[in-house]
Every structure is written in structure tokens, then in C-alpha cells.
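# Coordinates in review
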Amino acid sequence: MTEDRTVEDLLRTFAPQVLGLLVRRHGQFDRCEDAVQEALLAAATQWPGQGVPDNPRAWLLTVATRRLTDEWRSESARRDREVAVARREPAYAGVAPAADAEPAVPADDDTLTLLFLCCHPALPGSAQVALTLRAVGGLSTAQIARAHLVPEATMSQRIRRAKQRIEAAGARFTMPGPAERGERLTTVLRVLYLIFNEGYTASSGPDLRRAELTGEAIRLARVLRGLLPDDGEVTGLLALMLLTDAHRAARVGPDGELVPLAEQDRSRWDAAAIAEGVALITEALTWSPPGPYQLQAAIAAVHAEASTAAETDWRQIVALYRLLARIAPNPMVTLNQAVAVAMVDGPRAGLALLTPLDVDERTAGHHRLAAVRAHLLELAGEVGAAREAYLMAARGTTSRPEQRYLEVRAARLTGQG
């Protein structure tokens, strides 16, 4: 591991812990988060040349606290509060304070609380994703903006508004009560999966994937599982991410083109990630009632354990999709289920499952519906209709690799039938 990589890993590990300590002590999430970002920038600048401090967490806490105190000191209306803070905090002299200067607050508790805060129901989904990446992931605004292909100023405004909405909602740095905790955890899992999916299949732009997002989603899922080892859905999500990401080397061709699952060179799949993912989901299903992420992970495991596409146990996959459709009905689940059903009962049976999606506002006109229909029509021998559906899907996607793939599929059918 390189020195730069070591520093980056340390910063991402300690960023949520330091932020949690500050917010627990002072409140004012917005100001504390800004102070932590300044401390992270200082560390990223100084540590590679000067070396990592003996106590990096305390170093970051001291620098962030100093930034916070300096801001308060500059505001005459807050002089009384600044004096109180100054009496409590050690002055920064360029070295880390003693370890006993840190509050004895469990860092794991703060990280989990911070995850729940970033996924507050007052925030829209895009804001939850951005704030989680910055506050818990430790990514800079510039990194998050690059990953989402938007200007840094746009992302900065999005994050600023998210923090303001949290303050306006009166959110406190405490764990939700028992009645709300399950719902908020569901949101946390959804946000992490959104981050992963945006990285694994970029919704727009010239590249098929954005490794910085998939890597960060997996890292955060590992953190969450470490905090909640007895939650089957948390384990299922981590397993699902590992099993899906294991394909990454094989799903992109030499020219950056998309390679579908059935055509991938399985020798290029990440065997270690598959082994870990299979072990996680196998173990979780022995003690936890199956939830949506566990079932999706189980489906991914069936694919992963087939040495060739022809050896895939499609009947088992169909059974898992039927169970998934019962407990978590979703149009995207139906799309995938249609493909599996087509492999067992023929393409006509799969096409029949797609018909209701034409009038579902979540999928009507969506390029993925057109792409799946095109694939099943091709299997059914309806070449002309398949070609038109491929072209429709190509026109609907903003991902250039997906667009090229769909156009190539349509071109191959030209002149046939």
C-alpha cells in the first residue's frame, strides 16, 4: 500500500468519528462538518510530507476544533460561547494532544448515529447520497462532484442545502427511537445501494462505471456491518455488493464497451470477492429471515457459482425472484424476473411479465424496459421488433457505453429475418 493510500484510508476512517465527536459536543452539524473538512484538507496536505501523527484521530479532532473555535471567535455575537469552548479545548500547537484529551465516546456509536443523521427523512434522496459521501465517506466536494459528473459549485450547493435542511428540521445527534430506527436503517441501506449502483453502472457519461463510488459504497457497507453484525439485511447488502462488483474486470471490453453477463470471461471474476460474498449470504440466511437484499445476494451467488453461463441454475433463480417479488415488489425486480422466467419457460412467458410495466409510471418509456424487451424479442425470433426496441433503448439512455452496446445489438439484427 502506498503512503498516499494509507493517508487516504486513515482520513476516511476517522472523518466520521471526529465529526460525530464534534456534533455530539457542540451541535451545529453544518459548522462542525465544515471544520472537519478543513481538518481533512490540512491532513491531506501535511501528512504525506511530515508523516502521520501518532494519534491521527486526536490530531484531526484538535485541528477541526481549532477551526470551529476560530470561526466562533470571529463572531462578536458568540463571544460568550467562544470563551466557554476555549476553556475546554487545548490550543493547537501543531502536534496531537494526549489521547486522554479525547472524550470517552464510542467512535462506532458516533459513526452509526452520523449515518442515520445523513439519511434524515427531511432530505431528498440525492442530498442523502451526497451528504453521506461527504460526512461519513470523507470525500471532498470536488470528488463527489466528479463522481456525479456535475460542477463542483453545484454539488457544494446541494450539500450546503442538505445541511441547512437538517438544521431546520431540528434534527439532533442522537439515535432514532425504536419506532423510527428500522425505517431509518432501511433508508441508510437504500442510500448505500444507490451509491454502489451509480458507480457500478454510471447513469450518464462516457464511462460504464465509477470505481470511486463502488469502492466507497463497499467500504461503508463494511463499516455498517461492523456496527450491526446481527442485522441480516446489512450483511445481505454487503454480500450483494461484493458478488456484483466481482464481475467488474470482465464486464468491460478492451475498448470500454459493455460485456453482458452471459458473454463475460468468468476466469476474470474476482474469486476472493465471490468467496466472501457467498460465505456472507450463506451464513446470514441460516439465522435471519430473508429480506430483499439477502434475496438479491442469493440470486447473485447462484450466478457466481456457475462456471459457465449454460450451467446457471435458472430454476433456482426464478424461485428466488418469485419470493423477492412477493416481499418487495418493484418494477426493476420484475424486469430481472422476466429474463429468468424466459430462460426457464421461454421468451413468451418473460415478455408477458413485461406488459404491466408499460403502464407503470416508474418504467413506462424507461430504456431498461425497452432493452429487456428487445432481448426477449430477439430470443423469440422477432428480429424486426427486437431491433426497434434496441434502438428505442439506445435513445433513452444517457450512458454512452450502454448506448453503444444497444446500437451494436440493433445493427447485428439489420438484414436478418
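Residues numbered from 1 in each chain as written. Predicted model: local features only at pLDDT ≥ 70, side-chain atom pairs only at ≥ 80, totals over all residues. Heavy atoms only, no water.

This part takes up the overall build of the chain. Counting its regular elements, the chain contains 19 helices and two strands. Long-range pairs, those at least 24 residues apart, make up 65% of the contacts in the chain with a sequence separation of at least 6. If you sum the accessible surface of the chain, you get close to 19,200 Å²; carbon and sulfur atoms cover 52% of it. (Helix = DSSP H or I, 4+ residues; strand = E, 2+ residues; numbered from the N terminus. Contact = heavy atoms within 4.5 Å. Areas by Shrake-Rupley, 256 points an atom, 1.4 Å probe, with all protein chains shown as cover.)

For the rest of this paragraph, the subject is the confidence of the model for the chain. Residues with a pLDDT of 70 or more make up 88% of the chain, whose mean pLDDT is 85. Throughout residues 89-105 the model reports pLDDT below 50, and contacts reaching past four residues in sequence, or to other chains, amount to 29 contacts. (pLDDT = per-residue confidence, 0-100.)

On to the packing of aromatic side chains. Inspection of the entire model under this criterion finds four aromatic pairs. Taking 5.6 Å as the distance between ring centres and 90° as the angle between the ring planes, the aromatic pair formed by Tyr-193 and Tyr-293 counts as edge-to-face. With a gap of 100 residues between them, Tyr-193 in helix α9 (residues 178-200) and Tyr-293 in helix α13 (residues 292-305) connect regions that are remote in the sequence. The buried category is assigned to Tyr-293, whose relative accessible area is 12%. Sitting above the plane of the Tyr-200 ring, Arg-251 keeps its charged end 3.8 Å from the centroid. (Phe/Tyr/Trp six-rings, centres within 6.5 Å; stacked < 30°, edge-to-face > 60°. Buried < 20%, exposed > 50% of the residue type's maximum accessible area, 1.4 Å probe, protein only. Lys NZ or Arg CZ within 6 Å of the ring centre and 35° of its normal.)

This next bit is on the pattern of salt bridges. Tallying each qualifying case throughout the model produces 24 salt bridges. Its salt-bridge partner being Glu-38, residue Arg-67 comes within 3.4 Å of it at the nearest N-O pair. Taken together, the positions of Arg-67 in helix α3 (residues 56-73) and Glu-38 in helix α2 (residues 29-50) put the pair 29 residues apart, joining distant regions of the chain. Classification of Arg-67 as partly exposed rests on a relative accessible area of 28%. Where Asp-360 meets Arg-362, a salt bridge forms, and the shortest distance between an N and an O atom there is 2.9 Å. Under the relative-accessibility criterion, Asp-360 is labelled buried at 16%. (Salt bridge = Lys/Arg side-chain N within 4 Å of Asp/Glu carboxyl O.)

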